[in-house]
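# Descriptive analysis of the structure
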Amino acid sequence: MNVSVGFFHWEDQKGASIEWVIHLIIHPMSTKSSPHKAGSGRAASSQRRERASDHRMAGSPAPVAFRPIHTRRAFEEICGRIREQLARGALKPGDKLPPERDLAQQLGVSRNVLREALRSLEMAGVLRLQKGVKGGAFVQEGDTSRMNVVMRDMLSLGTISIRELSEARVQVLDLVVRLACANARQADFEALQANVERTELFTREGRLLERVECAREFYKLLGLACGNKVIAMITDAVTEIHMRFVYAKVASSGVAMTRLGERRRQFLAALRERNAVAAARLMRSHLGAVQKMLEQDPGAMSLQIALAEINSGMKS
């Protein structure tokens, strides 16, 4: 018996191919196949075995099984269509969508389903729904406050911690300060200067809660001065939540940062000089002092207390 190395290329003394015999067993109707076709079958079979062997040697996993795709709910499909028009530029901020009856007919859905989609887009800050004779669905300008809501919800759900929020704020503001030193315009300096003056006025008059509002505005102006809208949005999100804790602390205890006006003037002077190192150092020092003030009263660091105080006073 003669056995050659390879995939089942095994011949007996009479030269019969065992592979061919197996083929006959599996496919009995092919007994009349010509020797030429048999050779082709051996080559194809050998190639398939080699490919299978390669996959085994490479450690490839078994083929992944996918479940059938189910159609999305109608209102989600409508939201997707409207967002697609926004992405293409066919719809722009301020544009009015077709009347409800016409839009429902175009989309082939009921008016109730359409209303559900429009309300969803309104909650997402994409549309503004207006009632009345001149009402309708209008495309909104970008609403950056949506990020604030998402961040607050994540904090409420425990997805992120107060400690993480504080650390993120320090790092983000460090970047903002450095960018503002490079990119701030004269109009930015003037807006910040006016804010510092109001801060000093509220301090003298003991209007501490209004001073907290002023501080909130200060960080918003600083974010705008950095010249990057994305970073400004992130700054606004982390600062808005943190200022809620500050507001709760001041409202519950009457304690507030001393020398805030002086600190603000020193910082603004470094910013005007475009001294990034000095401005960043002053900002880090101030944020550290604020954190210590908050930690003196652990109750003020409760999100529930902060939100309760906000609802009764501070603007959201």
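Structure first, text after, so check above.
This text gives an overview of the structure that appears in the document. (Residues numbered from 1 in each chain as written. Predicted model: local features only at pLDDT ≥ 70, side-chain atom pairs only at ≥ 80, totals over all residues. Heavy atoms only, no water.)

The subject of this paragraph is the nonpolar core. Soluble, globular proteins show a tendency: their nonpolar side chains are buried together. Formed by 45 residues in total, the largest nonpolar core has its most connected members in Val177, Phe218, Leu222, Val246, Phe267, Leu271 and Met283. Breaking this core down by element, the ones donating at least two residues are α6 (145–156), α7 (162–183), α8 (186–204), α9 (208–225), α10 (229–253), α11 (260–272) and α12 (276–295). Filtering out sequence-adjacent residues up to four positions away, Val246 remains in contact with Val212, Val290, Met293 and Leu294. Ranked by size, the runner-up nonpolar core spans 16 residues in total, among them Ile78, Cys79, Ile82 and Ala117. (Core = buried A, V, L, I, M, F, W, Y, C linked by side-chain atoms within 4.5 Å. Buried < 20%, exposed > 50% of the residue type's maximum accessible area, 1.4 Å probe, protein only. Helix = DSSP H or I, 4+ residues; strand = E, 2+ residues; numbered from the N terminus. Contact = heavy atoms within 4.5 Å.)

A separate point is the pattern of salt bridges. Pairing of side chains with opposite charge becomes possible as their charged atoms draw close. For the structure on display, the rule yields 16 salt bridges. With a closest N to O distance of 3.4 Å, Arg163 and Glu167 form a salt bridge. Pair noted here: Arg163 and Glu167 are both in helix α7, with a separation of four residues, about one helical turn. Among the residues examined, Glu167 registers a relative accessible area of 42% and is labelled partly exposed. Taking the shortest distance from any N to any O, the salt bridge between Arg216 and Glu213 comes out at 3.7 Å. (Salt bridge = Lys/Arg side-chain N within 4 Å of Asp/Glu carboxyl O.)

Here the focus is the pairing of strand β3 (residues 127–130). Each regular strand shows side chains that alternate between the opposite faces of the sheet. Relative to strand β4 (residues 136–139), β3 runs antiparallel, the two being bridged by four bridges. Bridge assignment links Gln130 to a residue of β4, and that residue is Gly136. Counted between consecutive antiparallel strands, the loop separating β3 from β4 contains five residues, among which Gly132 sits at a positive phi close to 105°. (Pairing = 2+ DSSP bridges.)

Moving on, we get to the side chain of Asp236. With respect to the secondary-structure elements, Asp236 resides in helix α10. By relative accessible area, which is 14% here, Asp236 ends up buried. In terms of polar contacts, Asp236 uses its side chain to reach the side chain of Lys220, at 3.0 Å. (Polar contact = N/O pair within 3.5 Å; in protein donor to acceptor, adjacent residues only side chain to side chain.)

Our next topic: the packing of α9 against α12. The relative placement of two packed helices is expressed as an angle between their axes plus a distance between the axes. Between α9 and α12, whose axes approach to 15 Å, the crossing angle comes to 150°. Between α9 and α12, the crossing angle belongs to the class labelled roughly antiparallel. For the element pair α9 and α12, the recorded crossing hand is left-handed. From α9, Phe218, Tyr219 and Leu222 reach across to α12, where they touch Met283, His286 and Leu287. Here the contact of α9 with α12 is composed, by residue class, of five nonpolar, one polar and no charged. (Axes fitted to C-alpha atoms, helices over the stretch in contact; angles between N-to-C directions. Parallel < 35°, antiparallel > 145°, perpendicular 65-115°, else oblique. Left-handed = near helix turned anticlockwise from the far one by under 90°. Nonpolar A, V, L, I, M, F, W, Y, C, P; charged D, E, K, R; others polar.)

This part is about the packing of aromatic side chains. Under the defined criterion, the tally for this structure stands at two aromatic pairs. Consider the rings of Phe218 and Tyr219, whose centres lie 5.5 Å apart with planes at 85°: the pair is edge-to-face. The exposure classification of Phe218 matches that of Tyr219, with both residues buried. Where Phe218 meets Phe267, the ring centres are 6.0 Å apart and the plane angle is 65°; that geometry is what we call edge-to-face. Remark: Phe267 occurs in helix α11 and Phe218 occurs in helix α9; sequence separation between them is 49 residues. Residues Phe218 and Phe267 agree in their burial class; the two are buried. Aromatic rings pair up to connect Phe218, Tyr219 and Phe267 into one cluster. (Phe/Tyr/Trp six-rings, centres within 6.5 Å; stacked < 30°, edge-to-face > 60°.)

Moving on: α10. Under the 1.5 Å per step criterion, the end-to-end length of α10 is 36 Å for 25 residues, consistent within 8% with the ideal 36 Å. A large share of α10 lies buried, amounting to 18 of its 25 residues. Here α10 starts with a cap whose side-chain oxygen sits 3.0 Å from the backbone nitrogen of Val230, and that cap is Asn228. Taken from the residues just after α10, Gly254 is the one with a positive phi, measuring 75°. (Expected span 1.5 Å × (residues − 1).)

Once that is clear, we can look at the packing of α9 against α11. Between α9 and α11, the least distance of the axes is 13 Å, while the angle of their chain directions is 10°. Relative to α11, α9 is oriented roughly parallel. Judged by residue contacts, Arg211, Ala215, Phe218, Tyr219 and Leu222 of α9 engage Leu260, Arg264, Phe267 and Leu271 from α11. When its residues are assigned to classes, the contact of α9 with α11 shows seven nonpolar, no polar and two charged.

Right, let's talk about the environment of Met123 for a bit. Of note, Met123 is situated in helix α5 (residues 111–123). When the C-alpha atoms of Met123 and Arg146 are compared, they prove to be 9.1 Å apart, with 23 residues separating the residues in sequence.

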